[in-house]
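These are the residues of each chain, in order.
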Amino acid sequence: MKAKRILTFALALVLVSGFEVSGYAWDPYGHMAVAYVAYQKLTPQAMKRANGLIKLNPKYGEWSGWVPASATQAEKDRMIFMLAATWPDEIKSDPSYTSDGSANGNRPEGSPDPSANKGYTDKLRHKYWHFVDTPFTQDGTALPPIPTPNAQERIALFRGVLASGSDDALKSYDLTWLLHLVGDVHQPLHCATRVSSTNLDGDNGGNDVKLSGTPGELHAFWDDLLGTGTNTQAALLPAIKSAKKLAAANPALAAISDEKVWIAESFQAAQRTVYQPPVLAGNGPFTLTSQYTRKATKLAKKRIALAGERLANLINKELK
């Protein structure tokens, strides 16, 4: 009941402030922008603790080499914090990690250990941790169950570890995942899947919805709103430039700490904003209008700022 009241309050704030809940999950640009916003809001104690944990990530040495030689130590720490937010996506193409689960790794069924939380010794990619496929339908088709584990369940688990007496190696792993997942769940297409008579199991968060032109899928369109490309090192400085231009998030919305509410916001946004004309029934292809693109971009920037401030609040409060 409490969570329901919080969600109602959050959505009321959205309407009052003119902030329509929408957004995107991110290419490197977006994830690093979320982390940039968060880093500015960390307390000195939380910042020092987080920086120390990130040093335990196996890619720390490589990230250090990506930072401009002219950077101060404070700038270097901030940039590596930003780069760490991309790590759960980076391992998707790392040959030392194994794709697990079914449906090209997007479903946990068939994984040898889908709910593992054992740190960097875990060499599974866990792609199904990045989203929560909450189903909805516009044509009355029966809704399938939500697969677990998923982003909601993982955020709850990982934030609990940060607040616990667990060892630093595990906290480092869980913190790195949280830097990424908090951004992911502020994207409607990471929190919803449209079920229909032609997509009985859903449209895979818009990945099955085709667009005319480039990018060719609805999900990719939302991923790319802050910037395109998969080269994380090249995206670092542009991400900082973009993040500096973001307006501050609504303080009342930023103060909401329940990940279930964040996901409910994104789920509602998928129905109210993402799956709206010119995105019609079926899998397309659809041609997006300049009006749709402008609206999506405006909302995406607001979601980035909100995700960053919520991430900072989580770390400040729970990282021990």
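For the structure itself, look to the data block above.
Overview of the structure. Quick caveat: nothing in here was measured; it's all calculated off a predicted structure.

Procedures and definitions
- Numbers given to residues run from 1 along each chain, matching the order in which its sequence is written.
- For this predicted model, a pLDDT threshold of at least 70 governs which residues receive local features, and a threshold of 80 or more governs which side-chain atom pairs are given and counted, while totals over whole chains, interfaces and linings are taken from all residues.
- Note that water and hydrogens are dropped before the side-chain values are worked out from all heavy atoms of the structure.
- Every axis corresponds to a line fitted to the C-alpha atoms, with the helix fit spanning only the stretch in contact, and the corresponding angles, defined between N-to-C directions, vary from 0 to 180 degrees.
- Runs of H or I in DSSP of at least four residues are treated as helices and runs of E of at least two as strands, each being numbered from the N terminus.
- In a left-handed crossing the near helix is turned counterclockwise from the far helix by less than a right angle, and in a right-handed crossing that turn is clockwise.
- Between two residues, a contact is recorded if the distance between any of their heavy atoms is within 4.5 Å.
- Any residue that is not Ala, Val, Leu, Ile, Met, Phe, Trp, Tyr, Cys, Pro, Asp, Glu, Lys or Arg is counted as polar, Gly included; the first ten are nonpolar and the last four charged.
- Each angle receives one of four descriptions, namely roughly parallel if under 35 degrees, roughly antiparallel if over 145, roughly perpendicular if within 65 to 115, and oblique otherwise.
- Ring pairs shown here join Phe, Tyr and Trp side chains whose ring centres sit within 6.5 Å, with only the six-membered ring taken for Trp; geometry is labelled stacked below 30 degrees between planes, edge-to-face above 60, and tilted in between.
- Each residue gets one of three labels from its accessible area relative to the maximum for its type: buried under 20%, exposed over 50%, partly exposed in between, using a 1.4 Å probe on protein chains only.
- What is meant by a nonpolar core is a set of buried Ala, Val, Leu, Ile, Met, Phe, Trp, Tyr and Cys residues, joined one to another through side-chain atoms within 4.5 Å.

## Notes on the packing of helix H8 (residues 168-184) against helix H13 (residues 290-318)
Contact pair H8 / H13: the axes reach a minimum separation of 9 Å and the direction vectors enclose 150°. Between H8 and H13 lies a crossing of right-handed hand. On H13, the residues that touch Leu175, Leu178, Leu179, Val182 and Gly183 of H8 are Ala307, Leu311, Leu314 and Ile315. Looking at the contact of H8 with H13 residue by residue, the class counts come to eight nonpolar, one polar and no charged.

## Focus: the packing of helix H3 (residues 44-54) against H8
Packing of H3 against H8 leaves a shortest axis separation of 8 Å and a crossing angle of 105°. If you check the angle between H3 and H8, you find them roughly perpendicular. The residues of H8 that touch H3, namely those facing Arg49, Ala50, Leu53 and Ile54, are Asp168, Lys171, Ser172, Leu175 and Leu179. In terms of residue class, the contact of H3 with H8 is built from five nonpolar, one polar and three charged.

## A few points about the packing of aromatic side chains
In this structure the tally under the stated criterion is 13 aromatic pairs. Arranged with centres 5.6 Å apart and planes meeting at 85°, the rings of Trp87 and Tyr120 form a pair that is edge-to-face. Of the two residues, Trp87 sits in helix H6 (residues 87-90) while Tyr120 sits in the loop between H6 and strand E1 (135-137), which places them 33 residues apart along the sequence. Take Trp87 and Tyr120: they sit in the same class, and that class is buried. Measuring from centroid to centroid gives 4.9 Å for Trp129 and Trp177, while their planes differ by 65°, and the two rings are edge-to-face. One end of the pair, Trp129, is in the loop between H6 and E1; the other, Trp177, is in helix H8, with 48 residues separating them in the sequence. Residue Trp129 is classed as buried on the basis of its relative accessible area of 0%.

## A short note on the nonpolar core
Ranked by size, the top nonpolar core spans 69 residues in total, and within it Ile54, Phe81, Leu179 and Ile315 carry the most contacts. It is helix H2 (residues 28-40) that provides the largest number of residues to this core, a total of nine residues. Leave out the neighbours within four places in its chain, and Leu179 touches Ile54, Phe81, Ala84, Ala85, Leu311 and Ile315. The next biggest cluster of nonpolar side chains, apart from the first, holds 19 residues, and it includes Phe136, Leu211, Leu225 and Phe267.

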